[in-house]
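What the coordinates show
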Amino acid sequence: MILLLAIIYFCGARMGAQPINIPLETRNNALVLRVADNKDVNLIYYGKKLSEAAEYAGIPELYKQSGDYSGMLTSAYTPSGSRNLVEPAISVTHADGNNSLDLKYVSHQVSAVANGVSSLTVQLKDPVYDFEVTLFYKAYFNDDVIEQWSEIRHKEKGNVTLHKFASANLCLKADSYWLKQFHGDWAKEMQPEESRLTHGIKTLDTKLGTRANLFQPSVFMVSLGKPATEDEGTVMYGSLEWSGNFRIDLELDPQDNLRIIAGVNNYALDYSLVANEKFTTPPFLFTLSDKGKGDASRKIQRWARDYKILDGKGSRLTLLNNWESTYFDFNESKLSELFKDTKKLGVDLFLLDDGWFANKYPRNDDHAGLGDWQENKAKLPNGISSLVKEAQANGVKFGIWIEPEMVNPKSELYEKHPDWVVKQPKRDEFYFRNQLVLDLSNPKVQDFVFGVVDNLLTKNPDMAYIKWDCNAVIYNAYSAFQKNQSHFYIEYVRGLYNVLAKIRSKYPTVPMMLCSGGGGRVDYGALQYFTEFWPSDNTDPLERIFMQWEYSYFYPAITSSNHVTDWGKQPIKFRTDVAMMGKLGFDIVVSKLSGNDLQFCQNAIKNYNDVKPIIWHGDQYRLSDPATNSVASIMYVDEAKSTGIMFNYLVNYRYDAKSTFPIRLKGLEATKKYKLTEINLYPGSNSSLNANKTYSGDFLMKIGFNPDVNARRTSVVLKIEEAK
Ligand code: DGJ
């Protein structure tokens, strides 16, 4: 629970004739709201903090933009149906059928929430209708991160329909705006595109319901004036903390302001709000940096570790997964061998993937069994409990895969509870991976889904890990439970969060991986319940360099589960080195590894155990971009700037492609001396680098270091240590 430590400022009916300015400052930035004479609340500034707060008042008069006919282009929460004619943040039909809304300032309050965290709330009210909105801005001082959301309620005689209900409504001012957005598909997550925004509205959205990010995640960046680079330029990052349909409108308005309106997607969603019910939107998270994309990403990564992801400052388990080594084809004796392999490899945990359950319709492929969460007696006659014990007897922990939101039509669950399934009563079923989605808006389904996890963990208190998958999107959206179908999409996600919150209140620490056939559900709404996510089923290390690079702008390495598999053509060293840039795991047939490959992996895991605190908790610097260079280079440095690790990969396989020039390091202490040692050497190979030399941080950051990456040395990992 958030404790309000002190109320610093409260302002209500005492306003005088002068406009009130409300600055919300973080370490480097300020977001300034202004209450106009007519009590409209506008966002007059979001940019670098000024030394004297009083000077924010002078900003608006210096902008000689063309006329704002309505006076509402920079509204802090733009209503519709009155004089506003641009994209609204909120749109309603009142109890009497009227569609107009106006929102006027009532009061605001600034509070200290916790050390380094403050909150600004602004009360708005319609002068004609008994309808209110409270805007919340939660500011994380050190990281320059703000979360914004809104609460909507009314006391009208009858229900009010909410047609649109954004979380945040921002306004940026610059000569030009450059949007970096991401798109994808299965095995093609986080493909970036950067383009200049033109006048009108650009919308980023999803309507997929579950697995919502399959084609597009809600994360984006907007550079101001010119596309920001890694270390230069002003850039804002944004993302909605929501695991369902989202919609982000970026409207370049007639005055050349960039209006950003972000929230739950109102597609097929009209919310009927009863009097006195509080409707809370999910937080939209954003940050701003004038030092480029790298700085902005380190702010978000720090914020995520400190405040958002489950156990962000903690540790993680390395693992061996059996998905790609067995698929559905395993039994107890095969698993016994895999437990031994897990130990031999030197990782912490064995993760049993899909295929362990269902009897009437056994889960031997992806056509049957989903929903029937009883151990398959043919494969596992002694049940999960005996596996947990046997794994432990082999000196490793045991974890398990589930996909509890889903059902195969060929399942006992479907036969017993057809009304629990999302499908149109009068239409043919349409499947995604041969399965359908359970109606999590139904509390009975929520209990069932909670029960899947609860049964596993109560029967097996030593179960150490859960991989929660979600492979289908929602087709034929219809809930047999909901009286108002227009509520379905929002109630689904609320149901999902109810279940996750219940799991976390009973099992606060069990590590859980957020998986959705790859990265179909990666967002901070879900990540507060999960310790890590599965970025993609595409584990080809060459592809992963690009994908992990893009994910890392928004998510810290500790959350990125990277497994060494047989995807791609790269040798085991390359695959392992790439997987080490996050939370390392393996999904290979250990018994088929050559002696040298096995020895390499065992040593690499030892090295990883040594450097993982730097990767998980240190600052990440992107040194050489795989999209524009033959060599990709990424480094992590600990807080004390005394130890770091630098990963370098050849990503261009044309003739003589190599690290021609030294690569400049970042984030070191200029006055400290460092030595660089190559680690993760393949058995029998020697480093071409001189490990005895030391360099000043100044040298390494101004001149750089050449890791000597070339066709014979396609992957080079360097440990950076302060030489004392
Ligand atoms: C999709 C996941 O992304 C895979 O890792 C694997 O768990 C399969 N589902 C299992 O069906």
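Residues numbered from 1 in each chain as written. Predicted model: local features only at pLDDT ≥ 70, side-chain atom pairs only at ≥ 80, totals over all residues. Heavy atoms only, no water.

All told, the structure shown has 50 salt bridges when counted by the stated rule. Close ionic contact of R247 with D249 constitutes a salt bridge, the shortest N to O distance being 2.9 Å. By the burial criterion, R247 is buried, and D249 matches it. Here E415 makes a salt bridge to K360, at a shortest N to O gap of 2.8 Å. Taken together, the residues span a long stretch of sequence, with E415 in helix α5 (residues 412–416) and K360 in the loop between β23 (349–352) and α4 (383–393) at a distance of 55 residues. (Salt bridge = Lys/Arg side-chain N within 4 Å of Asp/Glu carboxyl O. Buried < 20%, exposed > 50% of the residue type's maximum accessible area, 1.4 Å probe, protein only. Helix = DSSP H or I, 4+ residues; strand = E, 2+ residues; numbered from the N terminus.)

Here we come to the domain arrangement of the chain. Each assigned domain of the chain is listed here: domain 1 (2–308), domain 2 (319–609) and domain 3 (620–722). Computed over C-alpha atoms only, the centres of domain 1 and domain 2 are separated by 35 Å. For the domain 1 and domain 2 pair, buried surface summed over both sides reaches about 3,700 Å², with 61% attributable to carbon and sulfur atoms. Of all residues in domain 1, T210, R211 and S243 bury the most surface against domain 2, accounting for 19% of the area lost on that side. (Domains from an automatic or database assignment. Buried area = accessible area lost by both parts, 1.4 Å probe.)

Another aspect to go through is the site of the ligand. Around the ligand sit 13 residues, and of these D353, D354, K467, D469 and D537 come closest. In this structure, an oxygen atom belonging to the ligand sits 2.6 Å away from a side-chain N or O atom of D354. A distance of 3.2 Å separates an oxygen atom of the ligand from a polar backbone atom of G518. Considering the ligand on its own, with 290 Å² of exposed area, one finds that the protein chains cover 97% of that surface. Considered class by class, the residues forming the shell around the ligand number four nonpolar, three polar and six charged. (Near = heavy atom within 4 Å. Polar contact = N/O pair within 3.5 Å; in protein donor to acceptor, adjacent residues only side chain to side chain. Areas by Shrake-Rupley, 256 points an atom, 1.4 Å probe, with all protein chains shown as cover. Nonpolar A, V, L, I, M, F, W, Y, C, P; charged D, E, K, R; others polar.)

A few words now on the sheet that holds strand β3 (residues 29–35). The sheet built from three strands is open, its strands ordered β2-β3-β4 with antiparallel pairing. The open sheet has two edge strands, β2 (20–25) and β4 (41–48), and neither has a second partner. On average, adjacent strands in this sheet sit at an angle of 20° to one another, irrespective of strand direction. Relative to β4, β3 runs antiparallel, the two sharing seven bridges. By the bridge assignment for β4, V35 is matched with V41. (Pairing = 2+ DSSP bridges. Axes fitted to C-alpha atoms, helices over the stretch in contact; angles between N-to-C directions.)

Our focus in this paragraph is α4. Because an α-helix completes one turn every 3.6 residues, residues spaced three or four positions apart along the sequence face the same direction. Of the positions making up α4, those classed as buried are G383, I384, L387, V388 and A391. Where α4 is buried, its residues meet α3 (332–345), β23, β24 (397–402) and β27 (463–468). Just past α4, the residue G395 takes up positive phi, approximately 85°. (Contact = heavy atoms within 4.5 Å.)

Along the chain, D102 falls in the loop between β5 (90–93) and β6 (104–114). Since its relative accessible area comes to 14%, D102 is described here as buried. In contact with D102, not counting residues within four places along its chain, are D40, M72, P79, S82, R83, K125, D126 and P127.

Residues F131, W356, F398 and W468 are the most contacted members of the largest nonpolar core, which totals 192 residues. Counting 21 residues, the second-largest nonpolar core is a separate cluster that includes V637, M646, L665 and L668. (Core = buried A, V, L, I, M, F, W, Y, C linked by side-chain atoms within 4.5 Å.)

Sheets are built from strands that pair by backbone hydrogen bonding, the pairs being arranged parallel or antiparallel. Read across the open sheet, the six strands follow the order β32-β33-β34-β37-β35-β36; overall the sheet is antiparallel. Every interior strand has two partners, whereas the edge strands, β32 (619–624) and β36 (694–696), have only one. Mean inter-strand twist for the sheet, computed between neighbouring axes without regard to direction, equals 25°. Note that strand β35 (residues 673–679) and β36 share three bridges and pair antiparallel. Along β36, the bridge assignment pairs K675 with T694.

Under the defined criterion, the tally for this structure stands at 42 aromatic pairs. Pairing F339 with F350 gives two aromatic rings, centres 5.2 Å apart and planes at 80°, and the pair type is edge-to-face. Of this pair, F339 sits in helix α3 while F350 sits in strand β23, and the two are eleven residues apart along the sequence. The class of F350 is buried, set by a relative accessible area of 0%. A ring pair is formed by F350 and F398, whose centres lie 6.3 Å apart and whose planes are at 40°; its orientation type is tilted. (Phe/Tyr/Trp six-rings, centres within 6.5 Å; stacked < 30°, edge-to-face > 60°.)

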